[in-house]
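Structural features, examined
So you can see what is in the structure, the chains are spelled out below.
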Amino acid sequence: MVEKTEKKTIWDRLANLPEQYVYVVLAVILIAPLLHPIGLPIPISDATRKFFVAIDELKPGDTVFYAFDAGSMTWMEQGLGATIVFKHLLMKPGIRIVGATIGAEGPMFWDNAIKSLGGLASYGKEYGKDVVWLGFFAGEETACAALAKDLKGTSGGVDAYGSKLDTMPLMTNVNKATDFNLLFVLSYGWTWRSWMNQWQMPYGIKEYAIPLAGVVAEMTPNIKAGQIQSIINGARGAAEYELLLGKPGRAASGMDAQSLGHIYVAILIVVGNIAYFASKGGKKK
Amino acid sequence: MSQIIRRYIPIGMMMILGLLLFAEFFIQFDDPWKSMVSNSSMEVQNYAIIIAGFAMGLGAINLLITHGSSIMKREKGQWPFSAWLLGVMIVFTVVGLWLGTSSNQYQFLFNNFYYPNDTTIYSLIGFMVVYAIYLTFRAKTYETTYMLVLAFLALLGNSPIGPALFPPLTDLQNWLSSVPNTAAVRGFYMAMSIGAIVVGLRTLMGRERAALGG
């Protein structure tokens, strides 16, 4: 017996496009503007502007803590924001930076970020005097709590490379959360909350976060409550920051691709719905 | 005797240490109690960090046992991957311990093998999400229509081009984020916090035994 097959209409086909077609078009849409930038506009959000002003208003002698919780999966997105913030901090004369991480992959990206920025010397900064890296601490929120109370005790009195902290000029009067003017948290997931719970809430340190764009919706109540001062919202926030700093880089050049990608998804949603209702599948409902 | 060692002593420790950390966080002490409680809780937290470090080592041993067994048994379709995993793990461990994680050799391995693989996997998820959106965001019911419209606005509002082409989208996006989204997330946080408080109280009272294996 031969089965009778229904002939598919154009709407049926549009409602169920094969995935490889969708992927190929998406790949072209993302790659093409990277090769030939279009220069689509990038409006600057209030959140990015507030973040920028906070760093810009730091004065020589101020000390900031940079929680560098980077992850290799998410570095392509969050690394853009992390690097441009690092650059701005290094560009400011007399600002002192102490870094640490509760993410196991953080140390690799700290070193990579400094290398990609051309090294500390290119900003007139010196390790031990202007910048200190404490490295990775296991224990997540417990580590945040311990670092807030006693940096030197928690790190065993040495930095990530084994050098004694007591011999470093930067660490002479710095040992606890209240010794810092601002806290910056690069967060590959939800570590911004651990730092907020253990640094912002008990000690009132102002926290600025660099989260993944996908996590921002969850942070909104904390931002509105003032527990997080401001954020850099994923790659888009990084692009805005690059423009504010007057140093358009990888993030700004990637925004054409992001804009076109979003438009493509919007078109897919519209086409998918029109085709669904025009096709037999939609009419049966 | 084994019941005392396996159950009552750990429960007692959880209660005492939990109360110590609770008191240190929530109660304002005067000296000499202040320094005593602060120093004790600091010691406990340092122990927790050390134990967490050992937990990572335990994870590595667990990987060795699981995948070592797969290789020994020559499990079909699995053992070559297990061998590859253990080989890579051993190479990273040896180079990291011998030359240090800041060495050029370790950085080379990380930047050219580990990082590109992880990034590729994350990026592929983006492609799959786009196709999933296309297939599932259909206005079949009222609920899916609400979700579809909100997702559509969030999609355009979060891209630079959306507010640039249609400026009111910024205000709309801000309202969506500040009002309905914040209300929903606050509800979620409250439920989560109440759950955490209940688990905390059960632990302090010695009734939470899940950590001891039930």
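Definitions and cut-offs
Residues numbered from 1 in each chain as written. Chains lettered and ligands numbered in written order. Predicted model: local features only at pLDDT ≥ 70, side-chain atom pairs only at ≥ 80, totals over all residues. Helix = DSSP H or I, 4+ residues; strand = E, 2+ residues; numbered from the N terminus. Rg over C-alpha atoms; globule rule 2.2 N^0.38 Å. Buried ≥ 20, exposed ≤ 12 C-beta atoms within 10 Å, placed from the backbone. Contact = placed C-beta atoms within 7 Å. Nonpolar A, V, L, I, M, F, W, Y, C, P; charged D, E, K, R; others polar. pLDDT = per-residue confidence, 0-100. Pairing = 2+ DSSP bridges. Axes fitted to C-alpha atoms, helices over the stretch in contact; angles between N-to-C directions. Core = buried A, V, L, I, M, F, W, Y, C linked by C-beta atoms within 7 Å. Domains from an automatic or database assignment. Arc of directions from axis to C-beta.

**So, the overall build of chain B**
The secondary structure content of chain B amounts to 7 helices and 0 strands. N-terminal to C-terminal, the α/β element order of chain B is α-α-α-α-α-α-α. Expected size for 214 residues packed as a compact globule is a radius of gyration near 17 Å; at 26 Å, chain B overshoots this value by more than 25%. On the principal axes, the C-alpha backbone points of chain B span a range of 70 × 55 × 40 Å. For chain B, the residues scored as buried account for 9% of the 214 residues in total. For chain B, long-range pairs separated by at least 24 residues make up 21% of all intrachain contacts whose partners lie at least 6 apart in sequence.

**Looking at the overall build of chain A**
Each helix and strand counted, chain A has 12 helices and 6 strands in total. Each principal axis of the C-alpha distribution contributes one length, and for chain A these read about 85 × 40 × 35 Å. With 285 residues in all, chain A has 49% of them scored as buried. Within chain A, residue pairs in contact and separated by at least 24 positions form 73% of the contacts whose partners lie at least 6 positions apart.

**Side note on the interface of chain B and chain A**
Contact residues are listed per partner, giving 45 residues for chain B and 49 residues for chain A. Listed by contribution, the elements that provide at least two residues to the side of chain B that touches chain A are helix H2 (33-72), helix H4 (104-136), helix H5 (142-158), helix H6 (161-165) and helix H7 (168-204) of chain B. Counting residues per element, the side of chain B that touches chain A draws most heavily on H4(B), at 14 residues. Residue classes in the side of chain B that touches chain A are distributed as 27 nonpolar, 14 polar and 4 charged.

**Describing the confidence of the model for chain B**
Residue and element names in this part refer to chain B. When pLDDT is averaged along chain B, the result is 88; 99% of the residues meet or exceed 70. Helix H3 (residues 79-99) holds the highest mean pLDDT among the elements of chain B, 94, whereas H6 holds the lowest, 84. Interface confidence for the predicted complex, given as ipTM, is 0.83, next to a pTM of 0.88.

**A short note on the sheet that holds strand E4 (residues 182-187) of chain A**
All names here are of chain A. Strand order across the open sheet formed by 6 strands is E3-E2-E1-E4-E5-E6, with parallel pairing between neighbours. Two strands lie at the open edges of the sheet, namely strand E3 (131-136) and strand E6 (230-231), each paired on one side alone. Across 5 bridges, E4 lies against strand E5 (residues 206-210) in parallel orientation. Bridge pairing links leucine 182 to lysine 206 in E5. Lying on the sheet, helix H8 (residues 191-203) is in contact with strand E1 (63-69), E4 and E5; it crosses E4 at an angle near 160 degrees.

**Structural notes on the nonpolar core**
Grouped together as the largest cluster of nonpolar side chains are 77 residues, with contacts concentrated most on Val64(A), Ala67(A), Leu183(A), Phe184(A) and Val185(A). No other element matches the 8 residues that helix H4 (residues 75-91) of chain A contributes to this core. The residues contacting Leu183(A), other than those within four sequence positions of it, are Phe65(A), Ala67(A), Trp195(A), Trp199(A), Gln200(A), Ile205(A), Lys206(A) and Glu207(A). By size, the runner-up hydrophobic cluster in this structure holds 6 residues, among which are Val22(A), Leu268(A), Ile269(A) and Tyr134(B).

**Description of the environment of Thr74(A)**
Position of Thr74(A) among the secondary structure elements: in the loop between E1 and H4. When the C-alpha atoms of Thr74(A) and Tyr188(A) are compared, they prove to be 6.4 Å apart, with 114 residues separating the residues in sequence. If sequence neighbours within four positions are ignored, Thr74(A) has contacts with Tyr188(A), Leu212(A) and Tyr122(B).

**Considerations on the domain arrangement of chain B**
Split into domains, chain B comes out as domain 1 (1-99), domain 2 (100-136) and domain 3 (137-208). When each unit is reduced to the centre of its C-alpha atoms, the spacing between domain 2 of chain B and domain 3 of chain B is 27 Å.

**What to know about helix H3 (residues 46-56) of chain A**
Residues and elements named next belong to chain A. Here H3 has its buried residues at Thr48, Phe51, Phe52 and Ile55. With its buried residues spanning 95 degrees around the axis, H3 presents them on a single face. Along H3, exposed side chains directed more than 90 degrees from the buried face belong to Asp46 and Val53. The inward-facing, buried residues of H3 abut H4, E5, E6 and helix H10 (234-245).

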